[in-house]
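Chain by chain, the residues:
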Amino acid sequence: MDIALIFYGVILLVVFLLPLIDGVHNAGTFVGTVFGAVTLIIGLNFEKLEMRERGIALFVIAGITLVAFFLMFSVYNRGKSRMSDAKTVIVLGCRVRGLEPSKALCKRVDRAFTILSGDPEKVAILSGGQGSDELISEAECMRRMLVERGIAEDRLYLENRSTSTDENIRFSVKILKENDLSNRVILVTSEYHQFRALWLCEKYGLEAAPQSSKTKALHLPTFLIREIMGIVKDRIL
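Being a predicted model, the structure only gives us computed values, none of them experimental.

Rules and cut-offs
- Residues numbered from 1 in each chain as written.
- Predicted model: local features only at pLDDT ≥ 70, side-chain atom pairs only at ≥ 80, totals over all residues.
- Heavy atoms only, no water.
- Salt bridge = Lys/Arg side-chain N within 4 Å of Asp/Glu carboxyl O.
- Buried < 20%, exposed > 50% of the residue type's maximum accessible area, 1.4 Å probe, protein only.
- Phe/Tyr/Trp six-rings, centres within 6.5 Å; stacked < 30°, edge-to-face > 60°.
- Helix = DSSP H or I, 4+ residues; strand = E, 2+ residues; numbered from the N terminus.
- Lys NZ or Arg CZ within 6 Å of the ring centre and 35° of its normal.
- Polar contact = N/O pair within 3.5 Å; in protein donor to acceptor, adjacent residues only side chain to side chain.
- Contact = heavy atoms within 4.5 Å.

1. Here we look at the pattern of salt bridges
A side chain of one charge can pair with a side chain of the opposite charge when the charged atoms of the two come close.
Then step 1. For the structure on display, the rule yields 16 salt bridges.
Then step 2. Across the salt bridge formed by Lys122 and Asp119, the nearest N and O atoms sit 3.1 Å from each other.
Then step 3. Looking at Lys122, the relative accessible area reads 8%, which means it is buried.
Then step 4. According to the relative accessible area criterion, Asp119 is buried, its value standing at 15%.

Here it is, written out as structure tokens:
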């Protein structure tokens, strides 16, 4: 059993530390790395533990693993794209480094462009404020990218004040009402982010159909763990 725990701990460390090479780090990275390190330490010292302590350690590690896998699957599965004839697209922002969009933001814009270019009657609300390390808002960054690809500016509404997913949706609802747009929308964001975003859409009275951009497989566990933490935080608050 000690060999299995050591192996599992090493695998967890690899899974959660490798994304750092691509500059991906968040709360999910920290939690996954800590769990992997603790598992590895328990494996290395397993023979030194008393029988009761071994049982408790195995029960806790197995329990956390099963719960985490169930929640990660549930969150990921909610991100499956669904077709809709809605005429309004809400695109949720993601990190901008200075003036440059992150890879995740580029993929969200790619999905939004595909939808908008396929139906000239569709309009989009680009939602995302400006962080302390961002020279422009995420909404403005998305607007520039879409306009460069040929999407008319008058089809794009900017929501550039939000600093959280809750504000993304809440402020976008305000724009919908101000412009007499339907509450039936297409929601564009990363697949791992849809679970929380769709729940907030329901909370604020939107009928949303997900259209998800894909995340690099290597980065997915980190983001899924972070999302689970975000969902728990939103539900509690």
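Moving on from the coordinates now.
2. Re the packing of aromatic side chains
Here the distance between the centres and the angle between the planes together describe a pair of aromatic rings.
Then step 1. Applying the stated criterion across every chain, the model contains 2 aromatic pairs.
Then step 2. Here the aromatic rings of Tyr8 and Phe35 are separated by 6.4 Å at their centres, their planes lie at 85°, and the arrangement is edge-to-face. One end of the pair, Tyr8, is in helix 1 (residues 2–17); the other, Phe35, is in helix 2 (residues 27–44), with 27 residues separating them in the sequence.
Then step 3. Plain terms: the ring middles of Tyr192 and Phe223 are 4.7 Å apart, the flat faces sit at 10° to each other, and that makes the pair stacked. Within this pair, whereas Tyr192 is found in the loop between strand 6 (184–190) and helix 7 (194–203), its partner Phe223 is found in helix 8 (residues 220–236), the two being separated by 31 residues in sequence. The pair formed by Tyr192 and Phe223 is uniform in burial state, with each residue classed as buried.
Then step 4. Residue placement shows Arg149 over the ring face of Phe113; its charged tip is 5.4 Å from the ring centre.

3. So, the side chain of Ser127
Then step 1. Looking at where Ser127 falls in the secondary structure, it is placed in strand 4 (residues 123–127).
Then step 2. Judged by its relative accessible area of 0%, Ser127 falls in the buried class.
Then step 3. There is a polar contact of 2.9 Å between the side chain of Ser127 and the side chain of Asn168.
Then step 4. In contact with Ser127, other than residues within four places in its own chain, are Val91, Leu92, Gly93, Met142, Glu159, Ser162, Asn168 and Ser172.

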